[in-house]
Amino acid sequence: MSDELIFTYQIDGDDFTRAGEASSSVKNKLKMLGVGSDAIRKVAIAMYEGEINMVIHADGGTITVSVSDKDITMVLADHGPGIPDIDKAMEEGYSTARDEVRSLGFGAGMGLPNMKRFTDEMKIETVIGQGTTITMKVNL
């Protein structure tokens, strides 16, 4: 690949039946591009966790994935409530998910920690009442 490839996905909030479709699509595209399985696994896990967070907390948003020779960058942008305490949100097990969400098996408080664990770089920009943008990178 000499050119950068870009994939964009619209994520719907509260749509748990379609949650995970974007990360699954990216996983399949990366396989077709011949990306290594370790990088694909990292991207799929990190993006899935972010996608689920957008469904649970932010009424959806947009995910843009850029694939270059050097890395895969995922930018997840939502118009949700923002994250009041990023340090607290990064703690394993901390969750603000509603009980209905937890009853579906989501909201265990591992989303952001797993996103960080499975990426080489992660940056969170958040504005209360306006939304959050998370940029993650997996090196190739």
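Above this text is the structure in question.
Residues numbered from 1 in each chain as written. Predicted model: local features only at pLDDT ≥ 70, side-chain atom pairs only at ≥ 80, totals over all residues. Heavy atoms only, no water.

Undergrad: Explain the overall build of the protein chain to me, please; I cannot follow it from the model alone.
TA: Check the secondary structure of the protein chain and you find five helices and five strands. Taken from the N to the C terminus, the helices and strands of the protein chain come in the order β-α-α-β-β-α-α-α-β-β. Dimensions of the protein chain along its principal axes, counting C-alpha atoms only, are 45 × 30 × 25 Å. Among the 140 residues that make up the protein chain, the fraction classed as buried is 45%. Here the contacts in the protein chain between residues at least 6 apart in sequence split such that 63% fall between residues at least 24 apart. Accessible surface, the protein chain: about 7500 Å² in total, of which carbon and sulfur atoms supply 48%. Distance between charge centroids for the protein chain: 5 Å, based on 14 positive and 22 negative side chains. (Helix = DSSP H or I, 4+ residues; strand = E, 2+ residues; numbered from the N terminus. Buried < 20%, exposed > 50% of the residue type's maximum accessible area, 1.4 Å probe, protein only. Contact = heavy atoms within 4.5 Å. Areas by Shrake-Rupley, 256 points an atom, 1.4 Å probe, with all protein chains shown as cover. Lys, Arg positive; Asp, Glu negative; His and termini not counted. Charge placed at Lys NZ, Arg CZ, Asp CG, Glu CD.)

Undergrad: Is there a simple way to think about the pairing of strand β4 (residues 121–127) in this case?
TA: Taken residue by residue, a regular strand's side chains alternate between the two faces of the sheet. The pairing of β4 with strand β5 (residues 131–139) spans seven bridges and is classified as antiparallel. By the bridge assignment for β5, Glu125 is matched with Thr133. (Pairing = 2+ DSSP bridges.)

Undergrad: Is there a simple way to think about the sheet that holds β5 in this case?
TA: Backbone hydrogen bonds hold the strands of a sheet together, and the pairing may be parallel or antiparallel. Across the sheet, five strands lie side by side as β1-β2-β3-β5-β4; this open sheet has antiparallel pairing. Two strands close off the open sheet at either side, each with one partner strand: β1 (5–12) and β4. Sheet twist, expressed as the average angle between the axes of neighbouring strands with direction ignored, equals 10°. Across seven bridges, the pairing between strand β2 (residues 60–67) and strand β3 (residues 71–78) is antiparallel. Bridge pairing in β3 links Thr62 to Ala77. Sheet strands touched by helix α1 (residues 21–33): β1, β2 and β3. Its angle to β1, the strand with the most contacts, is close to 165°. (Axes fitted to C-alpha atoms, helices over the stretch in contact; angles between N-to-C directions.)

Undergrad: What is the right way to read the environment of Gly107 from this model?
TA: Along the chain, Gly107 turns up in the loop between α4 (99–103) and α5 (111–117). Those residues in contact with Gly107, other than ones at most four positions away along the chain, are Ile56, Ser95, Ala97, Val101 and Arg102.

Undergrad: Would you explain the pattern of salt bridges in this entry?
TA: In a structure, side chains of opposite charge can pair up when their charged atoms sit close to one another. Summed over the entire model, instances satisfying the criterion amount to 10 salt bridges. Residues Asp12 and Arg18 are paired through a salt bridge, measuring 3.6 Å at the closest nitrogen-oxygen approach. On the basis of relative accessibility, which here comes to 43%, the residue Arg18 falls in the partly exposed class. When salt bridges with common partners are traced through the structure, they connect Asp12, Arg18 and Glu21 into a single cluster. (Salt bridge = Lys/Arg side-chain N within 4 Å of Asp/Glu carboxyl O.)

Undergrad: Help me understand the pairing of β5 in this model?
TA: As paired strands, β3 and β5 are joined by seven bridges and run antiparallel to one another. Bridge pairing links Asp71 to Asn139 in β5. Taking the residues that link successive antiparallel strands as the turn, the β4-β5 hairpin has three residues, and the phi of Gly129 there is positive, at about 85°.

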